[in-house]
Amino acid sequence: MAPQYLETAQGRRIAYHKTDGQGPCVVFLGGLKSDMEGTKALFLEDWAKARGQAFLRFDYSGHGESSGRFEDGCIGDWHEDTLAAVDQLTQGEIVPVGSSMGGWQALLLAKARSGRIKGMVTIAAAPDFTEDGYWANFTDVQKDELNTRGRVELPSDYMEPYVVTKRMIEDGRTRLVLRDALALPFPVRCLQGTDDSAVSTATALRLLEHATCEDMRLELVKGADHRFSDEACLRLIAEAVAEVCARG
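Please read these numbers as outputs of a predicted model, since none were measured by experiment.

**Focus: the overall build of the chain**
Here is step 1: Assigned secondary structure in the chain consists of 8 helices and 10 strands.
Here is step 2: The C-alpha atoms of the chain give a radius of gyration of 17 Å, which matches the 18 Å a tight globule of 248 residues would have.
Here is step 3: The principal-axis extents of the C-alpha atoms in the chain amount to approximately 50 × 40 × 35 Å.
Here is step 4: Among the 248 residues that make up the chain, the fraction classed as buried is 54%.
Here is step 5: Pairs at least 24 residues apart make up 73% of the contacts formed inside the chain by residues separated by at least 6 positions.
Here is step 6: When the accessible surface of the chain is split by element, carbon and sulfur atoms take 46% of a total near 11000 Å².
Here is step 7: In the chain, 28 positive and 38 negative side-chain charges are present, and the distance between their average locations comes to 3 Å.

Written out as structure tokens, the structure reads:
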């Protein structure tokens, strides 16, 4: 089934699939260089359809079937894409489900649209990774390359190398969520695998300790990796989404 498209105020063309149904609308926020055709997104779409619940999945610019090149994007661009998708395609309460970089996007969404969020689920959330993951671990040679060439290529366990641009690093510093107050006035469920080579359990614990939230839980799954998409993990995601949808 071909995607639909929306145009953002910034002139980007965002591909999406929307399933109508009862609220709150579950909004899947994918990870860096992933797309809306991934296992978790499609699983949640089928799960929502079976419940008669509204669901939205989309590709950030530079990802999947949306316009633009990945190398030209940054956290702020993808935040703008997320706001456009939520504002133009959903009404009423939403439940963001953020995977990896999508977890950071979910937290940025919480800052921008807190009043619309019924609850939130994160899967291997990677807030502030451009600063704490990339920049903090760059060698002096890599930092020099970033400043002179404007980009660094990093190997990935899951796909071709990531291109990290100077713009991504500098923009990321304006979007950090673990340095200042982070109020999450709704139920939050965080899922994290202990064998995740991309996001550590320390990051998950840091988010748990940093956020101000009256109903926030972290579930560590022994042996699960960053994909978090085997049958048992998918079942945990569905249970977490169902739980926050039912709260309040």
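**Some details on the state of the cysteines**
Here is step 1: Scanning all chains against the criterion turns up 0 disulfides.
Here is step 2: Residue Cys-25 stays outside any disulfide, its sulfur separated by 9.7 Å from that of Cys-245, the closest cysteine.
Here is step 3: As a non-bridged cysteine, Cys-190 has Cys-213 as the owner of its nearest cysteine sulfur, 8.3 Å distant.
Here is step 4: Looking at Cys-190, the relative accessible area reads 5%, which means it is buried.

**Quick look at the UniProt feature "domain: AB hydrolase-1" (unreviewed entry) in the chain**
Here is step 1: UniProt marks residues 48–133 with the feature "domain: AB hydrolase-1" (unreviewed entry), using the numbering shown here.
Here is step 2: Counted over residues 48–133, helix gives 42% and strand 19%. Its end C-alpha atoms are 33 Å apart.

**Some points on the nonpolar core**
Here is step 1: By size, the foremost hydrophobic cluster in this structure holds 53 residues, and its most contacted members are Leu-32, Phe-58, Tyr-134 and Leu-184.
Here is step 2: When residues of this core are sorted by domain, at least three fall in each of domain 1 (4–127 + 180–246) and domain 2 (129–175).
Here is step 3: Membership of the second largest hydrophobic core comes to 24 residues, among which are Val-97, Val-221, Cys-233 and Leu-234.

**Regarding unusual backbone geometry**
Here is step 1: Residue Pro-24 is reached from Gly-23 by a cis peptide bond, and omega for that bond is -5°.
Here is step 2: With phi around 65°, Lys-33 is a residue other than glycine that occupies positive phi space.
Here is step 3: When you line up the elements, Lys-33 lands in the loop between β3 (22–29) and α1 (39–51).
Here is step 4: With relative accessibility at 22%, the residue Lys-33 sits in the partly exposed group.

Cut-offs applied
Residues numbered from 1 in each chain as written. Predicted model: local features only at pLDDT ≥ 70, side-chain atom pairs only at ≥ 80, totals over all residues. Heavy atoms only, no water. Helix = DSSP H or I, 4+ residues; strand = E, 2+ residues; numbered from the N terminus. Rg over C-alpha atoms; globule rule 2.2 N^0.38 Å. Buried < 20%, exposed > 50% of the residue type's maximum accessible area, 1.4 Å probe, protein only. Contact = heavy atoms within 4.5 Å. Areas by Shrake-Rupley, 256 points an atom, 1.4 Å probe, with all protein chains shown as cover. Lys, Arg positive; Asp, Glu negative; His and termini not counted. Charge placed at Lys NZ, Arg CZ, Asp CG, Glu CD. Disulfide = S-S within 2.5 Å. UniProt positions renumbered as here; feature names shortened; annotations may be inferred. Core = buried A, V, L, I, M, F, W, Y, C linked by side-chain atoms within 4.5 Å. Domains from an automatic or database assignment.

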